[in-house]
Amino acid sequence: MRSLVDETVSDLPAPPPHLLDEARLPPATPERHARFLNAIDAFRLVEARAPRATKAWPRRLRVAAFNAQRLKRPDAARALLDRAAADVALLSEVDLGMARSGNGHPLRRMIGTADLGYLYGVEFVELDLGDPTEIRRHAGERNERSLHGNAVVSGLALADACVIPLEESGFWFPGRQGAQRRIGGRIAVAARLAHAPKPLWIAGLHLESKTDPADRRDQVRALLRAVDRIGPRDAWILGGDFNTKELPRDPEGLRRLLDEPGRFEPLFDDLAAAGFSWASANLPVPTQRTGPQGRPSPPFAKLDWLVARGVVAASPQVLPALDADGRPISDHDMAVAEFFFDSPADRA
């Protein structure tokens, strides 16, 4: 496993085309995957841009977690973030230089002229145009940079930015269902909130969707090991798409969802053992929705979470990921909660 990635740049380099051409050739072995992972500079860097004018520290910190489904519609995603009034947004499934999302930099387009900064870490270098639907829709096009990853967006000052590798098994290297061949692995993007009254870190993560609870637990354990190295006594807020697909979806199961989720997804047992809690930061409702491509279908699962230690959570929400015309912009809704250090002034 790679070590922590903490070198920041203003613009991530594109992988060399000849290297990607070679990676598309058989065999798709773990050894070849490791070689290409180590050869691509973008996996060893964090793209960072500071806000032009840093916002003052809020009395209560509003944090949003959102799987933006490639961030194909950055303007609609920005409107959703504005509705959330989030001080920090933890985004997953963010393209950079992918034909399916316009071959530009959707994250910068989403930010526009606002006083917001961002961090971006590469989860995968894509060897295809996307899933089977995207391959058909964008046939004959090419990716300019082929990057796909996670981001943290905020108007607050961020320090000590890093990417935390959670796995790099090469699970996606051969592709799935004849498509989505990828180099890379699941990650978290983390940073310290520089002006917080006490040491406080945030991390946006994206766990694997196509394996099982044991694999997701291993990824959370990798994250918690990094937490212990970076800020073992500090407050942390973790959020993102946990892909907790084994949680119950029936009405009775949903009502009890926050009580013992570790029965179905044991990663919650590890989070609890590390001092994290979730009951006050989440609603017991699904965060999946039918997305722009007409899937998935009900019953929906709760996949997106905010968990914290060392801070108090309150006012959880799930905001529908719909544009002004009621059209879905993702197959996930947005999870939002407020966090504060436990003081009488903050509780008021």
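Summary of the structure given here. (Residues numbered from 1 in each chain as written. Predicted model: local features only at pLDDT ≥ 70, side-chain atom pairs only at ≥ 80, totals over all residues. Heavy atoms only, no water.)

### Let's talk about unusual backbone geometry
Note the cut-off: A run of H or I in DSSP counts as a helix once it spans at least four residues, and a run of E counts as a strand once it spans at least two, with each numbered from the N terminus. Buried means the residue's accessible area, taken with a 1.4 Å probe over protein chains only, is under 20% of the maximum for its type, while exposed means over 50%, and partly exposed covers the values in between.
Cis geometry is adopted by the peptide bond preceding proline 296, which originates at arginine 295 and carries an omega value of 0°. Turning to its location among the elements, proline 296 is positioned in the loop between helix H8 (267-273) and strand E12 (304-309). Here proline 298 and proline 299 are connected by a cis peptide whose omega angle stands at 5°. You can see proline 299 is positioned in the loop between H8 and E12. Although it is not a glycine, glutamate 93 adopts a positive phi angle of roughly 55°. Along the chain, glutamate 93 turns up in strand E4 (residues 88-96). On the accessibility criterion, glutamate 93 (15% relative accessible area) is buried.

### Some thoughts on helix H3 (residues 74-84)
Using the following cut-off: Summarising the geometry, the arc corresponds to the directions from the helix axis toward the C-beta atoms. Residue contacts are defined here by distance: any two heavy atoms, one from each residue, within 4.5 Å place the two residues in contact.
Looking only at H3, the buried set comprises Pro74, Ala76, Ala77, Leu80, Leu81 and Ala84. For H3, the angular spread of buried residues about the axis comes to 160°, placing them on one side. Tucked into the core, H3 has its buried residues touching strand E3 (61-70), E4, helix H4 (106-111), strand E13 (312-319) and strand E14 (334-340).

### A look at the pattern of salt bridges
Applicable threshold: We count a salt bridge whenever a side-chain nitrogen from Lys or Arg sits within 4 Å of a carboxyl oxygen from Asp or Glu.
For the coordinates displayed, the defined rule picks out 33 salt bridges. Salt-bridge contacts for arginine 70 lead to glutamate 134; the nearest nitrogen and oxygen are separated by 3.0 Å. Remark: glutamate 134 occurs in helix H5 (residues 132-137) and arginine 70 occurs in strand E3; sequence separation between them is 64 residues. Residues arginine 70 and glutamate 134 agree in their burial class; the two are buried. The partner of arginine 327 in a salt bridge is aspartate 323, and the shortest N-O contact between them spans 2.8 Å.

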